[in-house]
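Topology and contacts: notes
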Amino acid sequence: MGIFEIIGSILLILSCLVLIVVISLQSSAKSQGGLSALGAVQENTASGRQKAKTIDAMLVKATKILAIVMFALTFAVYAMDKLLG
């Protein structure tokens, strides 16, 4: 296993862990959900709900980007293994 494959594998593991955290932070449609339920503070004001929607939208976008990065890294590590190994 070459240095490029080791670095690619480490980046792949890190992207998977970050993706898990980002998905866990998203609120569920049925309940408070995810890790956000651990924070005992709930805002019931209009600005609090708007802020929650904005954060959820940002987390959804981050999830999509991280998923694309994870798949690209997977293919890159596979290609490096086939070409170099």
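For the structure itself, look to the data block above.
The residue count restarts for each chain, going from 1 along the sequence in the order it is written. Only residues with pLDDT of at least 70 get local features here, since the model is predicted, and only at 80 or more are side-chain atom pairs given and counted; chain-wide, interface and lining totals rely on the full set of residues. Excluded from the side-chain calculations are hydrogens and water; all other atoms, namely the structure's heavy atoms, are used.

**Focus: the nonpolar core**
Most often, soluble globular proteins have nonpolar side chains that are buried together. Ranked by size, the top nonpolar core spans seven residues in total: Leu12, Leu19, Val22, Leu59, Leu66, Met70 and Leu73. Among the elements of the structure, α1 (3-25) and α2 (46-84) are those that each provide at least two residues to this core. Secondary structure counts use DSSP, requiring at least four H or I residues in a row for a helix and at least two E residues in a row for a strand, with both numbered from the N terminus. The dominant element in this core, judged by the number of residues it contributes, is α2, at four residues. In this text, buried Ala, Val, Leu, Ile, Met, Phe, Trp, Tyr and Cys residues form a nonpolar core when linked through side-chain atoms within 4.5 Å. Between buried and exposed lies partly exposed: a residue is buried under 20% and exposed over 50% of the maximum accessible area for its type, with that area taken using a 1.4 Å probe on protein chains only.

**Digging into the environment of Tyr78**
Position of Tyr78 relative to the elements: it lies in helix α2. Overall, the relative accessible area of 52% leaves Tyr78 in the exposed class. Remark: the alpha-carbon pair of Tyr78 and Gly8, spanning 70 residues in sequence, is separated by 9.4 Å.

Read these as spatial facts, not as claims about activity.
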